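# Understanding the architecture of this molecule
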Amino acid sequence: MIDIDRLINSLQKNDFLKSFFYEKTLSSTNDYISANEIAVDSLVITDEQTAGKGRAGKKWLSEKNTSLTFSIKKKFNISPAENQNIIRFFSYCVHSALKELIDGSNINNSDGLIIKWPNDILFNGKKLCGILVESKLPSDIYITGIGINCNQKYFQAELNAISLSEIIGNEIDITGLLINILDKFNSLKELLHPEKSAILFEKWKMQAKIIGKYCDFTRPDGKINNGKIIDLNYDGSITVKINDKPEIFNAGELSLTGID
Ligand code: BTN
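Throughout what follows, the structure given in this document is the object of discussion. (Residues numbered from 1 in each chain as written. Predicted model: local features only at pLDDT ≥ 70, side-chain atom pairs only at ≥ 80, totals over all residues. Heavy atoms only, no water.)

Running from amino to carboxyl end, helix H1 (residues 4-11) crosses helix H5 (residues 174-187) at an angle of 15°, the nearest separation of the two axes being 10 Å. Here H1 lies roughly parallel to H5, going by the angle between them. In this structure, H1 meets H5 at a crossing whose hand is right-handed. Residues Arg6, Leu7, Ser10 and Leu11 of H1 lie in contact with H5, whose contacting residues are Thr175, Gly176, Leu178, Ile179 and Leu182. When its residues are assigned to classes, the contact of H1 with H5 shows five nonpolar, three polar and one charged. (Axes fitted to C-alpha atoms, helices over the stretch in contact; angles between N-to-C directions. Helix = DSSP H or I, 4+ residues; strand = E, 2+ residues; numbered from the N terminus. Parallel < 35°, antiparallel > 145°, perpendicular 65-115°, else oblique. Left-handed = near helix turned anticlockwise from the far one by under 90°. Contact = heavy atoms within 4.5 Å. Nonpolar A, V, L, I, M, F, W, Y, C, P; charged D, E, K, R; others polar.)

For the pair helix H3 (residues 84-103) and helix H6 (residues 197-207), interaxial distance at closest approach is 9 Å and the crossing angle is 50°. With respect to their mutual orientation, H3 and H6 come out oblique. In this structure, H3 meets H6 at a crossing whose hand is left-handed. The segment H3 lies against H6, with Asn85, Arg88, Phe89, Ser91, Tyr92, His95 and Lys99 engaging Ser197, Leu200, Phe201, Lys203, Trp204 and Gln207. Considered class by class, the residues forming the contact of H3 with H6 number five nonpolar, five polar and three charged.

Attention shifts here to the nonpolar core. Ranked by internal contacts, the top residues of the largest apolar core, which has 46 residues, are Leu68, Phe70, Leu98, Ile148, Leu182 and Phe185. Of the residues forming this core, the biggest block, nine residues, is contributed by H3. Setting aside residues up to four positions removed in sequence, Phe70 forms contacts with Thr29, Leu43, Val44, Ile45, Thr144, Gly145, Ile146, Leu178, Ile181, Leu182 and Phe185. In terms of nonpolar packing, the next biggest core, distinct from the first, is built from 18 residues, Trp117, Cys215, Leu232 and Leu254 among them. (Core = buried A, V, L, I, M, F, W, Y, C linked by side-chain atoms within 4.5 Å. Buried < 20%, exposed > 50% of the residue type's maximum accessible area, 1.4 Å probe, protein only.)

Between its first and last C-alpha, H3 extends 28 Å over 20 residues, near the 28 Å set by a 1.5 Å rise per residue. Of all 20 residues in H3, 16 are buried; the element is thus mostly enclosed. (Expected span 1.5 Å × (residues − 1).)

Here it is, written out as structure tokens:
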């Protein structure tokens, strides 16, 4: 369970957020923000999601009290062409907080921690964190939902998931992790300025250690192929070499299902 007093205390030093809403149970923190008159710069957090949403209409399954599930509503005055920056900012900040936590453990280091294009976070090929950014274009309001497997012990095999407690060998302090992530948003928020977008891209790309790897991927028509990842591009697309021919795909045009 989230320790609300600790959270309130930490938010006093955080300019990235102005208010927060906590409920023991919600269907989905992203849906709660969309359906209610929640001000911008707000955080919504719950101990249990009963209908968590993933990208591309998928479900996000998380166990009560052992997962971190929260969403943030922000207004960003950026052009639609730059909305990749939002995805990169949130995935880079969450990755940084997870990296510090894992590197501070005795039994593992963060070598296996990657940002999987466009914005999942994997450890040794298994899903640790999912991020869902929703915006109603042309609005400049973005709702970013983040789910992290923290102390969950068992997952359905087909989810290919892992939790932080499995990685570091003991139960983690979920409130402490949340505070560290929110502190990253605050301390790195300059990266959201348009003139910093090239720096953000380079930082994000360095942690998206999938270039040169072979992957399976599923096209929207369900066709499964495999190929070698050649590059991650500034416009948000990915270049994959299939049968010796480079092909470029946008996020949503294919989903990576296996990375060696
Ligand atoms: C994905 O990997 O497909 C994205 C998963 C995003 C899950 C989070 S949990 C908090 C927020 N509320 C939701 O319903 N989804 C996001």
